[in-house]
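Structural description and commentary
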Amino acid sequence: MIYISTGQFFDLNFVKSAQIINSYNIKNIELSCGKYIKNYRKQINLLAKNNNLIFHNYFPRPKKDFVINLCSENKDIRNKSFKHIVKCIKLCSSFNIKFFSFHAGFLFDPSISKIGKTYDSVKLFDKKKSLNTFIQLSNKLSKIAKTNNVKLLIENNVISKSNFLKFKKNPFLMTDIKDTLYIMSQTDQNIGLLTDLAHLKISAKTLNFSKVNFLKKTMKWNLGYHLSDNKGMEDTNDKIHLNSWFWNYINKKLNYYTLEVKFKNKNDILSQYKLLKKKLSYA
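Attention here is on the structure that accompanies the text. (Residues numbered from 1 in each chain as written. Predicted model: local features only at pLDDT ≥ 70, side-chain atom pairs only at ≥ 80, totals over all residues. Heavy atoms only, no water.)

A short note on the overall build of the protein chain
- Secondary structure summary: the protein chain contains 9 helices and 8 strands in total.
- If one aligns the C-alpha atoms of the protein chain with their principal axes, the spans along those axes are about 50 × 40 × 35 Å.
- Counting the 283 residues in the protein chain, one finds 56% classified as buried.
- Counting contacts in the protein chain only where the partners sit at least 6 residues apart, residues at least 24 apart contribute 74% of the total.
- Within the structure as shown, the protein chain displays about 13500 Å² of accessible surface, and the carbon and sulfur contribution to it stands at 49%.
- Taking the average place of the 49 positive charges on the side chains of the protein chain and the average place of its 19 negative ones, the gap between the two points comes to 5 Å. (Helix = DSSP H or I, 4+ residues; strand = E, 2+ residues; numbered from the N terminus. Buried < 20%, exposed > 50% of the residue type's maximum accessible area, 1.4 Å probe, protein only. Contact = heavy atoms within 4.5 Å. Areas by Shrake-Rupley, 256 points an atom, 1.4 Å probe, with all protein chains shown as cover. Lys, Arg positive; Asp, Glu negative; His and termini not counted. Charge placed at Lys NZ, Arg CZ, Asp CG, Glu CD.)

Description of the pairing of strand 4 (residues 99-103)
- Of all the 5 residues making up strand 4, 4 are buried; the element is thus mostly covered by neighbouring parts of the structure.
- In this structure, strand 3 (residues 52-56) lies alongside strand 4, joined through 2 bridges in parallel fashion. If you follow Phe55 over to strand 4, its bridge partner there is Phe100.
- The parallel pair strand 3 and strand 4, bridged by helix 3 (residues 75-94), forms a crossover whose chirality is right-handed.
- Here strand 4 runs beside strand 5 (residues 151-155); their pairing, made up of 5 bridges, is parallel. Residue pairing for strand 5: Phe102 is matched across the bridge by Ile154. (Pairing = 2+ DSSP bridges. Right-handed = clockwise from strand over helix to strand, strands pointing away.)

Some details on the sheet that holds strand 7 (residues 222-227)
- Strand order in this closed barrel of 8 strands is 1-2-3-4-5-6-7-8, and the pairing throughout is parallel. Within this sheet the neighbouring strands show an average axis-to-axis angle of 30°, counted without direction.
- As defined by bridge partners, strand 5 adjoins strand 6 (residues 191-196) across 4 bridges and the pair is classed as parallel. Bridge pairing in strand 6 places Leu152 opposite Ile191.
- In the packing of helix 2 (residues 40-48) onto the sheet, the strands contacted are strand 2 (28-32) and strand 3, and the crossing angle to strand 3 comes to about 140°.
- Of the strands in this sheet, strand 4, strand 5 and strand 6 touch helix 4 (residues 127-147), which is tilted by about 150° from strand 5. (Axes fitted to C-alpha atoms, helices over the stretch in contact; angles between N-to-C directions.)

Looking at the nonpolar core
- Counting residues in hydrophobic clusters, the biggest one holds 89 residues, and the most contacted among them are Ile44, Phe55 and Leu227.
- With 7 residues, helix 3 is the single largest residue contributor to this core.
- Contacts of Leu227, omitting those with residues within four sequence positions, involve Leu197, Ile240, Phe246, Trp247, Tyr257, Thr258, Leu259, Glu260, Val261 and Leu276. (Core = buried A, V, L, I, M, F, W, Y, C linked by side-chain atoms within 4.5 Å.)

By themselves, these figures tell us nothing about what the structure is for.
Put into structure tokens, the structure is as follows:
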């Protein structure tokens, strides 16, 4: 199934974003972030009557913003992150939504205003401890998700060259093959991988590893994709193209493909949707 993400309509709430998507008769929507809305459950209920929905990471957006980080050394942030995901799992279950996806952890606690940008350099958490914390809490969440008939997916992080140079090392979990294989092998069977292909392109260039090998080695865990493109330096959420690098290497038989593109105009939505549908050989 091909979804359109509301996350790229950052200046709108999810209801208005969904209305734009629906105007092109597209009914598959990944609800992600957007502006805070008070009566979100009522609005989700209205959308669910005529749409196929999935929820991603920072949805529904909380009234007071924070950055989700399951491996934070700050107990308050760690607990907020855990409780947010539990709320999302139960919300998914109440609407019979089968997937909830969230991002891998950070080795520091970033400011909400810096997300997607170059972060300020700070002292990093101990990676071994952070990995163990992230895996432990992910498995606890998985048990809750399983009882609610929800599958959890963890999305690979992105490390840009600018952030790598700023920190002098990698401050994110699950940007490379080694981290991803380790986390997937240590989490239970109700947890899969959501591969963000744009994140992968940037991380592979920054850390000098093969993005194709990443896709091949993680294939058995991979249950979905986020699709956009970029020049390999920053996560710009550019449009995908007929010659985008990943077409020959992705699994084209899944039920989860989300276009996470910053659409320049409304026509971009329909053209990108048709392109992905064609490349996946949908009838």
